[in-house]
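# Chains, contacts and geometry: an overview
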Amino acid sequence: MNSNWKIIRVFKRFREVNPELVPKRMTENQAHTIAVPVEEIEKLPELKENPFKRRICQVFSHDGSGNLTFEDFLDMMSVFSEAAPRDIKAWYAFRIYDLDDDMFIGRDDLLEATRLLTKGELHPQEREDIVTSVLDEADVDGDGRLSFMDFEHVVVRAPDFLSTFHIRV
């Protein structure tokens, strides 16, 4: 399938989220000015059950609000497509886990990620033990946080990373 058909399918998907807001035919200007609210994007079946749905939207929205323009939505779907290169997927996964946007995945980021992933079902000490284990395993330079290089080193060794960091359009 050529890329124009994929873009058209992504646009149809974007328009389905809010047909009153998104016109059938967008101008070039509207593609980066009309933004669908994050609360509506989060209801997409592909995101609905994801504990990071809000963060994913924030990372892909050009202003960090989580509200997505068509350009933002197209970027998100491109990164989550099967065709996206591993290094691009790794960069966005890193950004999603870097919850405080300081360009590192620190202890607090990992604690919150663990809380989200386990739906709050682990005791604080159990989450702390997991975070300590992750840092012991992945923090190459021992500074108590993961740089992108540390994170990418772990992701490259994870055989299921590409198949799990994926949305089918």
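Residues numbered from 1 in each chain as written. Predicted model: local features only at pLDDT ≥ 70, side-chain atom pairs only at ≥ 80, totals over all residues. Heavy atoms only, no water.

By the naming in an unreviewed UniProt entry, the protein goes by EF-hand domain-containing protein and is assigned to Arctia plantaginis.

All right, on to the UniProt feature "domain: EF-hand" (unreviewed entry) in the protein then. In the numbering used here, UniProt assigns the "domain: EF-hand" (unreviewed entry) feature to residues 48-83, 85-120 and 126-161. Across residues 48-83, helical content stands at 53% and strand content at 6%; the span's end C-alpha atoms are separated by 23 Å. Span residues 126-161 is 64% helix and 0% strand, its end C-alpha atoms 24 Å apart. (UniProt positions renumbered as here; feature names shortened; annotations may be inferred. Helix = DSSP H or I, 4+ residues; strand = E, 2+ residues; numbered from the N terminus.)

A positive phi angle, close to 55 degrees, is found at D101, a residue other than glycine. With respect to the helices and strands, D101 occurs in the loop between helix 6 (86-97) and helix 7 (107-117). Judged by its relative accessible area of 47%, D101 falls in the partly exposed class. Of note, the phi angle at K119 is positive, near 55 degrees, even though the residue is not glycine. Position of K119 among the secondary structure elements: in the loop between helix 7 and helix 8 (124-138). Classification of K119 as exposed rests on a relative accessible area of 66%. (Buried < 20%, exposed > 50% of the residue type's maximum accessible area, 1.4 Å probe, protein only.)

Moving on, we get to the side chain of D139. Here D139 lies in the loop between helix 8 and helix 9 (148-156). One buried charged residue, D139, remains without a salt bridge, the closest side chain of opposite sign being R145 at 7.3 Å. Within the structure, the side chain of D139 is placed 2.6 Å from the backbone nitrogen of G144, a separation counted as a polar contact. In contact with D139, other than residues within four places in its own chain, are V134, G144, R145, L146 and D150. (Lys, Arg positive; Asp, Glu negative; His and termini not counted. Salt bridge = Lys/Arg side-chain N within 4 Å of Asp/Glu carboxyl O. Polar contact = N/O pair within 3.5 Å; in protein donor to acceptor, adjacent residues only side chain to side chain. Contact = heavy atoms within 4.5 Å.)

One recurring pattern in soluble globular proteins: nonpolar side chains tend to sit buried together. Of all hydrophobic cores here, the largest spans 40 residues; its most connected members are I41, L47, I56, F60, F73, M76 and F80. Secondary-structure elements contributing two or more residues to this core are helix 1 (3-17), helix 2 (38-41), helix 4 (53-60), helix 5 (70-79), helix 6, helix 7, helix 8 and helix 9. Counting residues per element, this core draws most heavily on helix 5, which supplies five residues. When neighbours within four sequence positions are excluded, M76 is seen to be in contact with L47, I56, F60 and L68. (Core = buried A, V, L, I, M, F, W, Y, C linked by side-chain atoms within 4.5 Å.)

Time to look at the packing of aromatic side chains. The final tally for this structure, using the stated rule, is 11 aromatic pairs. Here F14 and F70 contribute two aromatic rings whose centre-to-centre distance is 5.7 Å and whose plane-to-plane angle is 55 degrees, an arrangement assigned as tilted. Taken together, the residues F14 in helix 1 and F70 in helix 5 connect sequence positions 56 residues apart. Residue F14 shares its accessibility class with F70, and that shared class is buried. Relative to F148, the ring of W91 lies with its centre 5.2 Å away and its plane at 80 degrees, an arrangement referred to as edge-to-face. Of the two residues, W91 sits in helix 6 while F148 sits in helix 9, which places them 57 residues apart along the sequence. Residue W91 is classed as partly exposed on the basis of its relative accessible area, which comes to 30%. Members of the aromatic cluster, joined through ring pairs, are F52, W91, F94, Y97, F148 and F151. It is R145 that lies over the ring of F104; its NZ or CZ is 3.4 Å from the centre. (Phe/Tyr/Trp six-rings, centres within 6.5 Å; stacked < 30°, edge-to-face > 60°. Lys NZ or Arg CZ within 6 Å of the ring centre and 35° of its normal.)

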